Amino acid sequence: MNNLSQFIKGLPKAELHLHIEGSLEPTLMFQLAERNRIKLPFKDIESVKEAYNFNNLQEFLNIYYQSANVLRTEEDFRDLARDYFYRASRDNVIHSEIFFDPQTHTDRGIPFDVVMRGLLAGIAEAESQLGMTVQLIMCFLRHLDEESAFTTLRMAEPWLDKITAVGLDSSEVGHPPSKFKHVFATARQKGLKLVAHAGEEGPPSYIDEAIDVLKVDRLDHGNRIVEDPLLVTRMARSGMTFTLCPLSNQKLQVVKDLKKHPLPYMLKHGLRVTINSDDPAYFGGYVNDNYQVLAENCALDANDFALIARNSFLGSFLSDETVTHYIEVLDKYTASFEARA
Ligand code: HPA
Ligand code: ZN
């Protein structure tokens, strides 16, 4: 392993864009199918992996929603979350803000409370056993209507002290952020932070809408911002955080060639970019693999990756005190790494 790979591996970091359902590894999927007596459309793990070839976001989402069908009980959600936290912790993720998609589960009859209790059990273990901090972001599925998002927000009412933010995911094109204007305004009134996927496959105007209409605190993906230099300047001046996901972009053919990934351009133009894994079980890697592919394909050095890790803490929804603490941990790491080199 070269020096930069070692540096990335040990770098303390936060993950800000991770769909917990997208961390369902084929091994756990088979275990849960057996536990819940569900017949899978795959004969073995090899054939699952073969099916993970996507031409676009929708092809991925079809398989992702189908696989979520094995998640039935509180224990299933706990095991799903626990598996992710152990893997993330091995990548030196010390803080994680995870998405979950309640409608994927409530629409097939799984009670909202089962999902919450399971995820919270996994989070409690991450906090006590791994020393991680974790926050939950409840996403609305944008291919469904705004009324369904409102129903979900009402279901979440008893749990709002455990939920930090709401987000927006699923099929982007044809479902602009403005479709969810009212539910996002209501969520903000309830004290929730706001994020939204925008400009992954959708045009830069969707990024505009997420900022100006939804008034998001952070933007997920946003890779297509490079098509609008004026918006780049505006976002650089505002300090908006972007959660980029290189392996996801490659797998979903959003970016054809990782050598031309938008992250270096965005970084150079003053945007607060971060690196994340999105749906690691489907896209071939956890957060360090995502840092690593950019190290291999782009002209980024250790200072750039340290800045990206710093951005991950600055862009988090943690308190100023905790962010200050994590940045001290990061600074200690970079200083000791330099001393050894
Ligand atoms: N984009 C939109 N919706 C999603 C994604 C994504 O990358 N992953 C899971 N749901
Ligand atoms: Zn995502």
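Residues numbered from 1 in each chain as written. Chains lettered and ligands numbered in written order. Predicted model: local features only at pLDDT ≥ 70, side-chain atom pairs only at ≥ 80, totals over all residues. Heavy atoms only, no water.

To be explicit about the condition: UniProt positions are given in the numbering used here, feature names are shortened, and annotations may be inferred rather than shown by experiment.
Per an unreviewed UniProt entry, the protein chain goes by Adenine deaminase and derives from Zymomonas mobilis subsp. pomaceae. The UniProt entry for the protein chain carries the following comment under Function (unreviewed entry): "Catalyzes the hydrolytic deamination of adenine to hypoxanthine. Plays an important role in the purine salvage pathway and in nitrogen catabolism."

1. Examining unusual backbone geometry
The following threshold applies: Helix and strand definitions here come from DSSP, where helices need a minimum of 4 consecutive H or I residues and strands a minimum of 2 consecutive E residues; each element is numbered from the N-terminal end.
A positive phi angle, close to 50°, is found at R37, a residue other than glycine. Position of R37 among the secondary structure elements: in the loop between helix 2 (26-35) and helix 3 (45-51). We note that D278 has phi near 65°; this positive angle belongs to a residue other than glycine. Mapped onto the elements of the fold, D278 is located in the loop between strand 8 (272-275) and helix 14 (280-283).

2. Thoughts on the side chain of D91
Keep this limit in mind: Any two residues whose heavy atoms approach within 4.5 Å at even a single point are treated as in contact.
Its location among the elements puts D91 in the loop between helix 5 (74-90) and strand 2 (93-100). Sequence-distant contacts of D91, that is, excluding residues within four places in its chain, are made with K9, L11, K13, Y286, V287 and N288.

3. A few points about the coordination of the zinc ion (ligand 2)
Operational definition: Each metal's donors are the N, O and S atoms within 2.8 Å of it, or within 3.2 Å when it is Na, K or Ca, and because water is not part of the set, sites may look incomplete. Note on geometry labels: four donors, all angles 85 to 135 degrees, give tetrahedral; four donors become square planar and six octahedral when opposite donors are over 155 degrees apart and every other angle is between 65 and 115; remaining cases are irregular.
The coordination sphere of the zinc ion (ligand 2), as far as protein atoms go, consists of H17 (NE2), H19 (NE2), H197 (NE2) and D278 (OD), spread over 2.0 to 2.2 Å. With 4 donor atoms in place around the zinc ion (ligand 2) and angles of 81 to 173° between them, the coordination shape is irregular.

4. Description of the site of ligand 1
Our working rule: Residues are counted as near a molecule or strand when any one of their heavy atoms sits within 4 Å of it. Polar contact is the term for a pair of N or O atoms within 3.5 Å; when the atoms are in protein, one must be able to donate a hydrogen and the other to accept it, and sequence-neighboring residues count only if both atoms are side-chain atoms. The method behind every accessible area is Shrake-Rupley, applied with a 1.4 Å probe, and residues are considered shielded solely by the protein chains displayed.
Taken together, the neighbourhood of ligand 1 is formed by H19, L57, F60, L61, Y64, D169, S170, H197, E200, H221, D278 and D279. The side chain of H221 places a nitrogen or oxygen atom 3.4 Å from an oxygen atom of ligand 1. Taken by itself ligand 1 offers 250 Å² of open surface, and the protein chains cover 100% of this.

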